[in-house]
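Chain residues, written in single-letter form:
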Amino acid sequence: MTISRRVMLGVLAAGGVSAATYGGFRFMRGSDGEKIASGARQLQIPPLDNGVMKAGVRNYDLRLQTGISSFFDGMKTPTYGINGDYLGPTLKLTVGETVQMNVTNALGKASTLHWHGMHLPAKADGGPHQIIENGSSWHPSFEVKQKAATLWYHSHQFHKTGEQVYMGLAGLILIEDELSKKLDLPQDYGVDDIPLVLQDRRFNNDGSFDYRLSRHDQMMGMMGNNLLVNGTPNPYMIAKTNLLRLRILNGSNARSYMLKFNDGRQFQQIASDGGFLEKPLNLNSVRLSPGERAEIIVDVSDGKTIRLEDHSTGAALFNVLEIRPDEMRKKSLIIPPVLTKLDAINTDIVVKTRKFSLSMGGMMGMMGGGNDSMSINGRTMDMSRIDEVVKRGDTEIWLIDNPSNLDHPFHIHDVQFRTLDRNGRPPAPNEMGLKDTVLVPAGGQVRVLLKFEDYVDAEIPYMYHCHILEHEDAGMMGQFSVVA
Ligand code: C2O
Ligand code: CU
Ligand code: CU
């Protein structure tokens, strides 16, 4: 039996919200997992954690724990959190400082905590090699050596990343530097500088998260029919200023979003994954695949209530945030016309091009119950195999090739790269800044330019992988080390 591309696309169109018939198989969802109605709830803001200075090192105490959350009235959901029931605090870091993370695991099972987007030594990365056993602690330390940006942290436990992130092991990192403090941008956390962690979730009738992976979920990635933003369904906020800065993270396991305002208004994107764009960009929509971030500025000086919505399916699928301007608003700042200067893209100094081909394996392999068919360059992730060895100081091009029928967001640890092209054409202007995760479309190719600096470790590798966490867990991940 062969499966045609047309049938495959039919599955894609189903979007994972309903059961799909696929080559004669029906992927069962059970009777659970309906969209749950909820009145508007005030957006929760994760607490800001500035750490504590001890002997010149800024310390952050983070405890991985279990909890119970009440996302909907009368419903209790067992969850994981960091210093709380669900998600973790927003860690504020400053460039030039040395930080130490004191991570204690009280989950009842092994885990890790990875600093997504950070440039740091491999042993501090928090990937699958830095396991924190239940009841023990981990104390990585590193200097903050990159630009102001919105990053995040999350579990990276081998084969369990999808489940542990779904349960709540994730949080934001805000890096500040001299430039970001000086720029006239909204920066009052939780007031006009608003973190938004987008996560779609599916619930069982008993209130628990539904993370029973069907084969359909393994293949398509886990999609939910309820959107939580910082753990809040159907959120609203009161705007106390005319300009709001939204720091948006797609913290979903598999879903991509197309974000737009309900009245189509323009906004300005000021930053991508790794920091500021050179100039604010006027946009009507921004697409975010899993792992990606965007910082946008929206102007509500007209006093109208507006909604940021997900339009990934064409029409408005989710309310991401309703913004209700307060009568007594502070007047606008003027957004600076120039934000930063990025290095010119120079491919003359490239010493090597590496190719990475993403594969979902044979469909029949998936249907036969195998979940180990996801691979890169024909190899499924193996912790004991270092796939690529790069030299410190080298600039390389990585060509990511996606012959499969699904889009894959490709993420590389340790570096912030620049996107050269997608299918031979320059990327959109809002993808021309610093990135650590890039969408590689079905049947397409992306080339990125990267440089490996500062840290070497021949033993401990960094990861590169698809950020659809079910694909990563099923083996679409590889390892590279940086050597002197
Ligand atoms: Cu966001 Cu390897 O992870
Ligand atoms: Cu990462
Ligand atoms: Cu993928």
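Report on the accompanying structure. (Residues numbered from 1 in each chain as written. Chains lettered and ligands numbered in written order. Predicted model: local features only at pLDDT ≥ 70, side-chain atom pairs only at ≥ 80, totals over all residues. Heavy atoms only, no water.)

Regarding the sheet that holds strand 10 (residues 114–116)
Strands sit in the order 4-8-14-13-10 across an open sheet of five strands; the sheet is mixed. One side of each edge strand has no neighbouring strand; the edge strands of this open sheet are strand 4 (48–49) and strand 10. Note that strand 8 (residues 90–94) and strand 14 (residues 170–176) share four bridges and pair parallel. Looking across to strand 14, one finds that Thr94 is bridged to Glu176. (Pairing = 2+ DSSP bridges. Helix = DSSP H or I, 4+ residues; strand = E, 2+ residues; numbered from the N terminus.)

Looking at the pattern of salt bridges
All chains considered together, the criterion is met by 31 salt bridges. With a closest N to O distance of 3.8 Å, Glu163 and Lys160 form a salt bridge. We classify Glu163 as partly exposed; its relative accessible area is 28%. With a shortest N-O distance of 2.7 Å, Arg293 and Asp436 are connected by a salt bridge. With Arg293 in strand 24 (residues 293–299) and Asp436 in the loop between strand 32 (418–422) and strand 33 (437–440), the pair connects residues that are 143 residues apart, well separated along the chain. (Salt bridge = Lys/Arg side-chain N within 4 Å of Asp/Glu carboxyl O. Buried < 20%, exposed > 50% of the residue type's maximum accessible area, 1.4 Å probe, protein only.)

Examining the coordination of the copper ion (ligand 3)
All of the protein donors around the copper ion (ligand 3) are His408 (ND1), Cys466 (SG) and His471 (ND1); their distances to the metal are 2.0 to 2.1 Å. Each donor residue of the copper ion (ligand 3) lies on the same chain, and together they follow the pattern H-x57-C-x4-H. In terms of burial, Cys466 and His471 fall into one category: buried. (Donors = N, O, S within 2.8 Å, 3.2 Å for Na, K, Ca; no water.)

Quick word on the pairing of strand 6 (residues 57–69)
As paired elements, strand 5 (residues 52–54) and strand 6 share three bridges and run antiparallel to each other. Looking across to strand 6, one finds that Val52 is bridged to Asn59. Here six bridges tie strand 6 to strand 7 (residues 77–82), and the two strands are oriented antiparallel to one another. By the bridge assignment, Gln65 is partnered in strand 7 with Gly81.

Structural notes on the side chain of Thr150
With respect to the secondary-structure elements, Thr150 resides in strand 13 (residues 149–154). Here Thr150 falls in the buried class, since its relative accessible area comes to 2%. Looking at Thr150, its side chain comes within polar contact range of the side chain of Arg247, at 3.0 Å. When neighbours within four sequence positions are excluded, Thr150 is seen to be in contact with Leu172, Ile173, Leu174, Arg247, Asp273, Arg293 and Glu295. (Polar contact = N/O pair within 3.5 Å; in protein donor to acceptor, adjacent residues only side chain to side chain. Contact = heavy atoms within 4.5 Å.)

Structural notes on the sheet that holds strand 34 (residues 444–451)
Think of a sheet as strands paired side by side through backbone hydrogen bonds, with each pair either parallel or antiparallel. Reading across the sheet, the five strands line up as 28-27-30-34-32 and stay open at both edges, with mixed pairing between neighbours. With one partner strand each, in any of the chains shown, strand 28 (375–376) and strand 32 form the two edges of the open sheet. One ladder, built from eight bridges, connects strand 30 (residues 395–402) with strand 34; its direction is antiparallel. Within the sheet, the bridge partner assigned to Trp398 lies in strand 34 and is Val448.

Looking at the coordination of the copper ion (ligand 2)
Each pair of donors in an ideal four-coordinate tetrahedral metal site encloses 109.5 degrees, whereas pairs in an ideal six-coordinate octahedral site enclose 90 or 180 degrees. In this structure, His114 (NE2) and His411 (NE2) serve as the protein donors to the copper ion (ligand 2), at separations of 1.9 Å. Within this pair, whereas His114 is found in strand 10, its partner His411 is found in strand 31 (residues 408–412), the two being separated by 297 residues in sequence. Of the two residues examined, His114 and His411, each falls in the buried class.

Here's the deal with unusual backbone geometry
With a phi angle near 70°, His159 is a residue other than glycine that sits in the positive phi range. Its location among the elements puts His159 in the loop between strand 13 and helix 2 (161–167). Among the residues examined, His159 registers a relative accessible area of 47% and is labelled partly exposed.

Overview of the pairing of strand 27 (residues 350–359)
Pairing analysis gives seven bridges linking strand 27 to strand 30, with the strands arranged parallel. Bridge pairing in strand 30 links Lys352 to Glu396. Two strands pair when backbone bridges link them, and strand 27 and strand 28 are joined in this way by two bridges, in the antiparallel orientation. Paired with Leu358 across the strands is Ile376, a residue of strand 28.

Considerations on the environment of Asp454
With respect to the helices and strands, Asp454 occurs in the loop between strand 34 and strand 35 (457–466). Residues Asp454 and Asn402 lie 52 residues apart in sequence; the distance between their C-alpha atoms is 31 Å. Those residues in contact with Asp454 that lie beyond four places of it in its chain are His119, Lys145 and Arg392. In this structure the side chain of Asp454 is engaged in a polar contact, spanning 2.6 Å, whose partner is the side chain of His119.

Re the nonpolar core
Ranked by internal contacts, the top residues of the largest apolar core, which has 43 residues, are Leu91, Leu93, Met101, Trp115 and Met118. Of all the secondary-structure elements, those providing two or more residues to this core are strand 6, strand 7, strand 8, strand 9 (98–105), strand 13, helix 2 and strand 14. Other than its neighbours up to four places away in sequence, Leu91 contacts Asp49, Tyr60, Leu62, Met101, Trp115, Tyr153, Leu172, Ile173 and Leu174. Of all hydrophobic cores here, the second largest spans 32 residues; its members include Met374, Val415, Phe452 and Tyr462. (Core = buried A, V, L, I, M, F, W, Y, C linked by side-chain atoms within 4.5 Å.)

Let's talk about the environment of Lys123
Within the fold, Lys123 resides in the loop between strand 10 and strand 11 (137–138). Since its relative accessible area comes to 55%, Lys123 is described here as exposed. When the C-alpha positions of Lys123 and Pro140 are compared, they lie 7.6 Å apart, and in sequence the two are 17 residues distant. Not counting residues up to four positions away in its chain, the partners in contact with Lys123 are Gln130, Trp138 and Ile460.

What to know about the packing of aromatic side chains
Evaluated as defined, the whole model comprises 21 aromatic pairs. Ring centres of Phe203 and Phe209 lie 5.3 Å apart, and the angle between their planes is 45°; on these two criteria the pair is classed as tilted. Here the two residues Phe203 and Phe209 agree in accessibility, since each one is buried. Judged by centre distance (6.0 Å) and plane angle (35°), the ring pair of Phe410 and Tyr464 falls under tilted. Taken together, the residues span a long stretch of sequence, with Phe410 in strand 31 and Tyr464 in strand 35 at a distance of 54 residues. We classify Phe410 as buried; its relative accessible area is 0%. Its relative accessible area of 2% is what places Tyr464 among the buried residues. Ring pairs connect the aromatic residues Phe71, Phe72, Tyr86, Tyr166, Phe203, Phe209 and Tyr211, which therefore count as one cluster. When the ring centre of Tyr166 is taken as origin, the NZ or CZ atom of Arg201, which lies over that ring, is 4.2 Å away. Across from the ring centre of Tyr236, 3.8 Å away, lies the NZ or CZ of Arg324, which sits over that ring. (Phe/Tyr/Trp six-rings, centres within 6.5 Å; stacked < 30°, edge-to-face > 60°. Lys NZ or Arg CZ within 6 Å of the ring centre and 35° of its normal.)

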